[in-house]
Amino acid sequence: MRGALSGLTTRGRCLLAAGFAAGLCAVVLNERDLLRVAAFVVALPVLAAWLAQRARVGLHASRFLFPSRVQVGAATEVKVELRSAGRLPTGGLLLEDAVPYALGARPRFVVERLPRNTVTALRYPLKPVMRGIQQVGPLMARITDPFGLAEFDRELAGRSKLVVVPRVVGLSGLPSGSGMGAGDDGSIRLRAGQGEDDAVVRQYRHGDDLRKVHWRSTARRDELMVRVEERPWRGGTTVLLDHRLVAHRGTGPNSSLEWAVSFAASVCLHLHRFGHQVRLVGDDGRVLAGGSGDGGHSDAVVLDALAALQPSHRREPAVGVDPGAGQEVIAILGGSTPAVVDALVRNRPRGMRSLAVVMDVRAWAAGGEDPAPDPEDARGLLTAAGWGAVVAGPSTAMGQVWQELCHSAGNRGPVVRTEVG
């Protein structure tokens, strides 16, 4: 009974106090009619509290998300199923599902009557504006009586996970003259050193390109031999994402960091579409997706990794070693000082294809934010070091940025790798 009385509202408590006061007066004045009224006034809030508490016990709810993985800007539907297993019908039910601000306003439902052992379905849409691993819930129910004398709160359903992945933009084409990690990049692998040329050759077959005839082997063996181009490098492509907080400007979904994450997702999925192995790396050198045995070739793995990505608090990226680990590199850089770019270039072998998108984060900056480095300085250093580099701003479409990056790769000319052995 004490638990039931704890749910009395202000109206119920006032009515209960009035009933006790009326009962006391009835005893003092010896008024039986007033005593009957007092008993009724006291019993009414007590009975309302008991009924509301009993109705709370038999409530059950389940939540379903369709789908549970959604892209930024797309809609998902939440379905809540209510069922009352109590002996008494439930009425005066207020439901509120906790929803993060990035998903919209908190939905509220008023259920006037909930029949026993009958499932009642409630639906509401969500349209996330920010990527992340969002938690929907808990679902809280407030049960009250028709007179508003008592109310009880109860958690009907816990939290449900909603994965909001970054927006993916369709891209077209590949950097010219490069297979981007597919092993068919058109580059020629040579072995320079002392001794006889150890090129791999085989007998000429009908239809072989005569430009591939290896004349030294032909003269030695007295039969036409052709050179087999060695293409052993199938290391893939590393997408380096600079997600340092200090390197980006703006807040919310329109920040430069969200643009960089969306572009990285678009590039990874675009290369996957062509069958290329992609390795996604953060500015701290940590492999976000594409590591050995993690199924990084899957689009879902890349998108889930980017959905959970948080800004890094490093002042400078970890570029003590080659960020590509022997692979081609596409770097997506925020505001970077010449010292950061110089360290990146210094640890990157010149013989391997390297491309970079330098973001003009000043265009994303809001009032009062610290000034950012000039992106043209970083682009100039990268270009001088043999990188293909372009500058991107918020007004430039991602598809256009990718086309310019592909064009910058073509302007670098053929890449020749040399091994000394």
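Keep in mind that what you see is a predicted model, and the values were worked out from it rather than measured. (Residues numbered from 1 in each chain as written. Predicted model: local features only at pLDDT ≥ 70, side-chain atom pairs only at ≥ 80, totals over all residues. Heavy atoms only, no water.)

Things to note about the nonpolar core
And step 1. Phe263 and Trp402 are the most contacted members of the largest nonpolar core, which totals 42 residues.
And step 2. The element contributing the most residues to this core is helix H5 (residues 256-273), with eleven residues.
And step 3. Apart from residues no more than four positions distant in its own chain, Phe263 is found in contact with Ile332, Val357, Met398, Val401 and Trp402.
And step 4. Grouped together as the second largest cluster of nonpolar side chains are 32 residues, Ala49, Tyr124, Leu162 and Val164 included. (Core = buried A, V, L, I, M, F, W, Y, C linked by side-chain atoms within 4.5 Å. Buried < 20%, exposed > 50% of the residue type's maximum accessible area, 1.4 Å probe, protein only. Helix = DSSP H or I, 4+ residues; strand = E, 2+ residues; numbered from the N terminus. Contact = heavy atoms within 4.5 Å.)

Concerning the sheet that holds strand E1 (residues 59-66)
And step 1. Strand order in this open sheet of three strands is E1-E3-E6, and the pairing throughout is antiparallel. In the strand order of this sheet, the two ends are held by E1 and strand E6 (120-126), each with one partner. Neighbour-to-neighbour, the strand axes of the sheet open up by a mean angle of 20°, direction not taken into account. (Pairing = 2+ DSSP bridges. Axes fitted to C-alpha atoms, helices over the stretch in contact; angles between N-to-C directions.)

Regarding the sheet that holds strand E7 (residues 132-136)
And step 1. The sheet built from three strands is open, its strands ordered E2-E10-E7 with mixed pairing. Taken across any chain shown, the strands that pair with only one partner, and hence form the sheet edges, are strand E2 (69-71) and E7. Geometrically, the sheet is characterised by an average inter-axis angle of 30° between neighbouring strands, direction not taken into account.
And step 2. By the bridge criterion, five bridges tie E7 to strand E10 (residues 160-165) in an arrangement that is antiparallel. Considered in E10, the bridge of Gln135 is made with Lys161.
And step 3. The sheet contacts of helix H6 (residues 299-307) involve E2, E7 and E10, and relative to E10 the element is tilted by about 100°.

Details of the environment of Arg159
And step 1. Within the secondary structure layout, Arg159 lies in the loop between strand E9 (151-157) and E10.
And step 2. It is 9.8 Å that separates the C-alpha atoms of Arg159 and Val99, two residues lying 60 residues apart in sequence.
And step 3. Apart from residues lying up to four places away in sequence, Arg159 is in contact with Arg63, Gln135, Val136, Gly137 and Pro138.

Structural notes on the side chain of Asp242
And step 1. Structurally, Asp242 is set in the loop between strand E14 (237-241) and H5.
And step 2. Each residue touching Asp242, except ones within four places of it in the same chain, is listed here: Ala247, His248, Asp283, Ile332, Leu333, Gly334 and Ser336.

Some thoughts on the pairing of E14
And step 1. Along E14, five of the five residues are buried, which leaves the element largely enclosed by surrounding structure.
And step 2. Of the two faces of E14, the one holding Thr237, Val239 and Leu241 and the one holding Thr238 and Leu240 are both buried throughout.
And step 3. The pairing of E14 with strand E15 (residues 278-282) spans five bridges and is parallel. If you follow Leu240 over to E15, its bridge partner there is Val281.

Here's the deal with unusual backbone geometry
And step 1. Geometrically, the link from Phe66 to Pro67 is a cis peptide bond, its omega value of -5° lying close to zero.
And step 2. In this structure, the amide linkage connecting Gly137 to the following residue, Pro138, adopts the cis form with an omega of 5°.
And step 3. By the element assignment, Pro138 lies in the loop between E7 and strand E8 (139-144).
And step 4. With phi around 60°, Asp222 is a residue other than glycine that occupies positive phi space.

Some details on a nonpolar patch on the surface
And step 1. Together, Tyr204, Leu210, Trp215 and Leu224 line one region of the surface with nonpolar side chains, adding up to about 430 Å² of accessible area.
And step 2. Turning to its location among the elements, Leu224 is positioned in the loop between helix H4 (215-221) and strand E13 (225-227). (Patch = residues over 30% accessible without salt bridge, like charges linked within 9 Å, V, L, I, M, F, W, Y side chains within 5 Å. Areas by Shrake-Rupley, 256 points an atom, 1.4 Å probe, with all protein chains shown as cover. Salt bridge = Lys/Arg side-chain N within 4 Å of Asp/Glu carboxyl O.)

Examining helix H2 (residues 10-29)
Since the α-helix packs 3.6 residues into each turn, any two residues three or four apart lie on the same face.
And step 1. Here H2 contains 20 residues, and its C-alpha end-to-end distance of 28 Å stays within 8% of the 28 Å for a straight helix at 1.5 Å per residue.
And step 2. Among the residues making up H2, those that are buried are Gly12, Leu16, Gly19, Ala22, Gly23 and Ala26. End-on view of H2: buried residues confined to an arc of 125°, all on one side of the axis. Exposed side of H2, more than 90 degrees from the buried face: Thr10, Leu24, Val28 and Leu29 are the residues found there.
And step 3. One or two residues past the end of H2 sits Asn30, with phi positive at roughly 60°. (Expected span 1.5 Å × (residues − 1). Arc of directions from axis to C-beta.)

Digging into the confidence of the model for the chain
And step 1. Taken residue by residue, the chain gives an average pLDDT of 83. The fraction at 70 or more is 84%.
And step 2. Taken element by element, the predicted model of the chain shows its lowest mean pLDDT in strand E20 (residues 416-420) (34) and its highest in E10 (96).
And step 3. Throughout residues 178-198 the model reports pLDDT below 50, and contacts reaching past four residues in sequence, or to other chains, amount to 55 contacts.
And step 4. Per-residue pLDDT stays below 50 along residues 413-421; that stretch engages in 24 contacts with residues further than four places along the chain or on separate chains. (pLDDT = per-residue confidence, 0-100.)

Points about helix H7 (residues 338-346)
And step 1. Looking only at H7, the buried set comprises Val340, Val341, Ala343, Leu344 and Val345.
And step 2. Against the buried residues of H7 lie E14, strand E17 (328-333) and helix H8 (375-384).

Focus on the packing of aromatic side chains
And step 1. Summed over the entire model, instances satisfying the criterion amount to four aromatic pairs.
And step 2. Between Phe64 and Phe66, the ring centres sit 6.4 Å apart and the planes meet at 25°, which makes this aromatic pair stacked.
And step 3. The exposure class of Phe66 is partly exposed, given its relative accessible area of 46%.
And step 4. Considering the side-chain rings of Phe109 and Tyr124, the 6.1 Å spacing of their centres and the 45° angle between planes classify their relative orientation as tilted. Placement of the pair is Phe109 in strand E5 (residues 108-114) and Tyr124 in strand E6, with a sequence separation of 15 residues.
And step 5. Three or more aromatic residues joined by ring pairs form one cluster here, namely Trp259, Phe263 and Trp364. (Phe/Tyr/Trp six-rings, centres within 6.5 Å; stacked < 30°, edge-to-face > 60°.)

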